[in-house]
Amino acid sequence: MKDLKKFRLGFLASGGGSNFENIVNKCKSGYLKSEPTVLVCNNRDAKVFEKSDRLGIPSFHISAKTEGSHEKAMEKITKIMHEKGVDLIILAGYMKLVCKPLVEEYRDKILNIHPGLLPQFGGVGYYGEKVHKQVIDNKAAETGATVHLVDEIYDHGRILGYLKLPVRSGETSEELAQRVLELEHLLYPSVIRDIENGKIII
Ligand code: GRF
């Protein structure tokens, strides 16, 4: 049997952090071999900080406001990721565009989860609730969640995995958001696990 790869995971988040919490718990339970190492969040009041405190994961508040510009924030985040020995970055509801130097120094080592199917329901302006509204407005028969590599363009990098669900008749965007989030909690750890065990090569 091939050796499992074990990564030091660094997380970027902006909000509630349910994906962050879910992945950390999957590491703690042994489903994932990787080690959650650090959380960076751009929003001081985000609920994800309560979760990182509870789970014992060191956290940093870094934003364009705290650093003076988005570029400087990216530099600081890159420095912290290196200092903590992070070798795989997990975007978990991070609402800012990841750019230089982070995206270059961690090329093909940054994952994102998108609450919709790509490429149809992704790109600039397709985030959060807006994705689910578009799915409903377009009368799409199905939606889902997608994990992809991150490059300089929103929702553009190589797709690593996705799960689909059928849209129910009369379903609201809030209901759809909840069902897609549950799908995300299945998909994201399973993609990381497939990277660990070599089924997905990045
Ligand atoms: C998820 O729907 C994710 O796909 C999107 O932002 C949401 C984050 O949720 N990018 P949470 O903060 O992990 O609960």
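Quick note: structure is the one above.
Residues numbered from 1 in each chain as written. Predicted model: local features only at pLDDT ≥ 70, side-chain atom pairs only at ≥ 80, totals over all residues. Heavy atoms only, no water.

(A) Focus on the overall build of the protein chain. When you go through the protein chain residue by residue, the secondary structure sums to seven helices and seven strands. Going from the N terminus to the C terminus, the protein chain shows its helices and strands as β-α-β-α-β-α-α-β-α-β-α-β-β-α. The C-alpha extent of the protein chain, read off along each of the three principal axes, is 50 × 50 × 30 Å. A burial count over the protein chain gives 50% of its 202 residues as buried. When contacts within the protein chain are restricted to residue pairs at least 6 apart in sequence, long-range pairs at least 24 apart make up 66% of them. (Helix = DSSP H or I, 4+ residues; strand = E, 2+ residues; numbered from the N terminus. Buried < 20%, exposed > 50% of the residue type's maximum accessible area, 1.4 Å probe, protein only. Contact = heavy atoms within 4.5 Å.)

(B) Region of the structure containing the nonpolar core. By size, the foremost hydrophobic cluster in this structure holds 32 residues, and its most contacted members are L9, F11, F20, I23, I90, L111 and Y188. Those elements that place two or more of their residues in this core are β1 (8-13), α1 (18-29), β2 (35-41), α2 (48-55), β4 (88-91), β5 (110-114), β6 (142-149) and α7 (173-196). With six residues, α7 is the largest single contributor of residues to this core. I62, A73, V98 and I110 belong to the second largest nonpolar core, which has 20 residues in total. (Core = buried A, V, L, I, M, F, W, Y, C linked by side-chain atoms within 4.5 Å.)

(C) Structural context of the packing of helix α6 (residues 128-137) against α7. The interhelical angle for the contact between α6 and α7, taken along N-to-C directions, is 115°, at an axis separation of 9 Å. Put simply, α6 runs roughly perpendicular to α7. Considering only the axes of α6 and α7, their crossing is right-handed. In this structure, α6 uses E129, H132, K133, V135 and I136 to contact α7, whose residues at the interface are S173, E174, L176, A177 and V180. (Axes fitted to C-alpha atoms, helices over the stretch in contact; angles between N-to-C directions. Parallel < 35°, antiparallel > 145°, perpendicular 65-115°, else oblique. Left-handed = near helix turned anticlockwise from the far one by under 90°.)

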